[in-house]
Amino acid sequence: MAAMLKVYADRLSQPSRALIIFCRHVPTSPSDLFKRVPFSYRDRSIDCRVNKLDFEEVTVNLGKGQHLTPEFKKINPMGQVPAIVDGRFRLFESHAILRYLATVFPGVPDHWYPADLFTRAKIESILDWHHSNLRRGAATFVLHTALGPSLGLTLNPVAAKEGENLLVRSLKTIESVWLKGDAKFLNGNPQPSIADLSLVCEIMQLELVGDERRDSILGPREKIGAWMENVKKATSPHFEEVHELIFKMKARLSSADRVKTTSKL
C-alpha cells in the first residue's frame, strides 16, 4: 500500500487553502481507477472515506517561523507553504501540486484539470498570469494593510497602495478576459478548474483588511462576486470549513484595531 499523501500547509496561506479544499472536496471514483494515471502509480490506494483524496494535513505555522526550520526546509528548501510528500516524492509550489494531484490521483473529475489540451492550456495561462498579477497585488495589499505585524513586519502604506492598484487592475482583467457574458466559471466553463479555486482563495484574503476596505474593492465588481459565490457553492462545505481560520484572524485584527482606536481617544 502506498504511503499516505502529506500536505504541509498553513490555512492563513491562500495557496495552502486552495490545496486543502481540493484534497477535501475532490471525489475519486473506483470506476475511473486507471484514467490518465501512469502505470507506475496504479498500485495507489483509494480512500474509502466519502471517496475523497486520502491525505494528512501537517500544519506549518508561519507566524511561529516553522517554515524556516531546517526540518521543513528538507521538504521545501524555499521555506514556503504549501508542500507535499507523496511517498518518496516531494513537491512545492501550489500550482504544480494541484496539477500533479489532478493528474496522478485516479478518478479526479476532468473539469478540474481537463485532459483536452486546448482547454488545459487556457487554464495554464490563467495560472501563469496569477502569480505575477492577482497574487502579487492581493498579497502585497493585505500584508501591508493588515497582516504584516502578526508576521513581525512593519506596515508600508506605499507598498499597500501599489498592491491595491495592481489588485484592482487584476480584478478588472479577470472580468473582461475570463468572465465574459454570464460565465459561471473562468473561460466560460460550466464547472470549476484548479484556476478558479486558486484565484478565489487569493481574493478571500481580502477579508483580513476589514469589511469597509474589502467592499470598496469588491463591491463594484459584480461579476467577481457572482463567480466567487459559484466557486464556494461548488466546493461547499469544504470551502467554508477551510476558511474558518481566516475569519478568526479577521475578528482578531478587528478587535486589535478597536483597542488602538480607543487608546487614542
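Residues numbered from 1 in each chain as written. Predicted model: local features only at pLDDT ≥ 70, side-chain atom pairs only at ≥ 80, totals over all residues. Heavy atoms only, no water.

A. Here's a closer look at the environment of Arg99. Looking at where Arg99 falls in the secondary structure, it is placed in helix H3 (residues 94-104). Distance in space between the C-alpha atoms of Arg99 and Glu124 is 9.6 Å, their sequence separation being 25 residues. Setting aside chain neighbours within four positions, we find Arg99 in contact with Tyr113, Glu124, Leu127, Asp128 and Ile194. (Helix = DSSP H or I, 4+ residues; strand = E, 2+ residues; numbered from the N terminus. Contact = heavy atoms within 4.5 Å.)

B. Just the layout of surface pockets, in detail. For the largest pocket, the calculated volume is near 630 Å³. In this structure, the largest pocket is lined by 24 residues; those nearest its centre are Ser13, Gln14, Leu62, Val81 and Arg135. Mapped onto the lining of the largest pocket, the elements with two or more residues apiece are helix H1 (14-25) and helix H5 (134-147). The element best represented in the lining of the largest pocket is H5, accounting for 5 residues. Its residues assigned to classes, the lining of the largest pocket shows 12 nonpolar, 10 polar and 2 charged. (1 Å grid on protein atoms, 1.4 Å probe; cavity = no way out; pocket = protein on both sides within 12 Å on 5 of 7 lines; lining within 4 Å. Points joined across faces, edges and corners; volume = space filled by probe spheres on them. Nonpolar A, V, L, I, M, F, W, Y, C, P; charged D, E, K, R; others polar.)

C. View of H1. Here H1 spans 17 Å end to end across 12 residues, near enough to the 16 Å set by a 1.5 Å rise per residue. Every buried residue of H1 is accounted for by Gln14, Pro15, Ser16, Arg17, Ala18, Leu19, Ile20, Ile21, Phe22, Cys23 and His25. (Expected span 1.5 Å × (residues − 1). Buried < 20%, exposed > 50% of the residue type's maximum accessible area, 1.4 Å probe, protein only.)

D. The arrangement of the packing of aromatic side chains in detail. Under the defined criterion, the tally for this structure stands at 4 aromatic pairs. Consider the rings of Phe89 and Tyr100, whose centres lie 4.9 Å apart with planes at 35°: the pair is tilted. Taken together, the positions of Phe89 in strand E4 (residues 89-92) and Tyr100 in helix H3 put the pair 11 residues apart, joining distant regions of the chain. A residue is classified by how much of its surface remains accessible, and Phe89, at 33% relative accessible area, is partly exposed. Ring centres of Trp129 and Trp178 lie 4.9 Å apart, and the angle between their planes is 70°; this geometry places the pair in the edge-to-face category. Of this pair, Trp129 sits in helix H4 (residues 117-132) while Trp178 sits in helix H6 (residues 157-178); the two residues are 49 residues apart in sequence, bridging distant segments of the chain. For the pair shown, Trp129 and Trp178 are each scored as buried. (Phe/Tyr/Trp six-rings, centres within 6.5 Å; stacked < 30°, edge-to-face > 60°.)

E. Broad picture of the pattern of salt bridges. In total, this model carries 15 salt bridges according to the counting rule given. Taking the shortest distance from any N to any O, the salt bridge between Arg214 and Glu207 comes out at 2.8 Å. Taken individually, Arg214 and Glu207 each receive the classification buried, so the pair is uniform in this respect. For Arg214, the salt bridge is made with Asp211, and the minimal N-O distance between the two is 3.2 Å. Of the two residues, Arg214 and Asp211 are both situated in helix H8 (residues 211-218); the distance of 3 residues between them amounts to about one turn of the helix. Given the relative accessible area of 15%, Arg214 is considered buried. Residues joined by salt bridges that share partners form a network here, namely Glu207, Asp211, Arg214, Asp215 and Lys250. (Salt bridge = Lys/Arg side-chain N within 4 Å of Asp/Glu carboxyl O.)

F. Highlighting the packing of H4 against H5. Direction vectors running N to C along H4 and H5 enclose 35°, while the axes themselves pass 3 Å from each other. Residue-level contacts link Trp129, His130, His131 and Ser132 of H4 to Leu134, Arg135 and Arg136 of H5. Across the contact of H4 with H5, the residue classes break down as 2 nonpolar, 3 polar and 2 charged. (Axes fitted to C-alpha atoms, helices over the stretch in contact; angles between N-to-C directions.)

G. View of the sheet that holds strand E3 (residues 83-86). Here we have 4 strands laid out as an open sheet, ordered E2-E1-E3-E4, and mixed in their pairing. Lying at the two open borders of the sheet, with one neighbouring strand each, are strand E2 (55-59) and E4. Sheet twist, expressed as the mean angle between neighbouring strand axes with direction ignored, is 20°. Seen against the sheet, H1 touches strand E1 (5-9), E2 and E3 and runs at an angle of roughly 155° to E2. Where H3 meets the sheet, its contacts fall on E1, E3 and E4, and the angle it forms with E4 comes to roughly 135°. (Pairing = 2+ DSSP bridges.)

H. Examining the side chain of Gln205 more closely. Examined against the element boundaries, Gln205 turns out to sit in the loop between helix H7 (194-204) and H8. When sequence neighbours within four positions are dropped, the list of residues in contact with Gln205 reads Leu12, Gln14, Arg17, Val142, Leu147 and Ile246.

Note that every value here comes from positions in space, so none of it alone points to a role or purpose.
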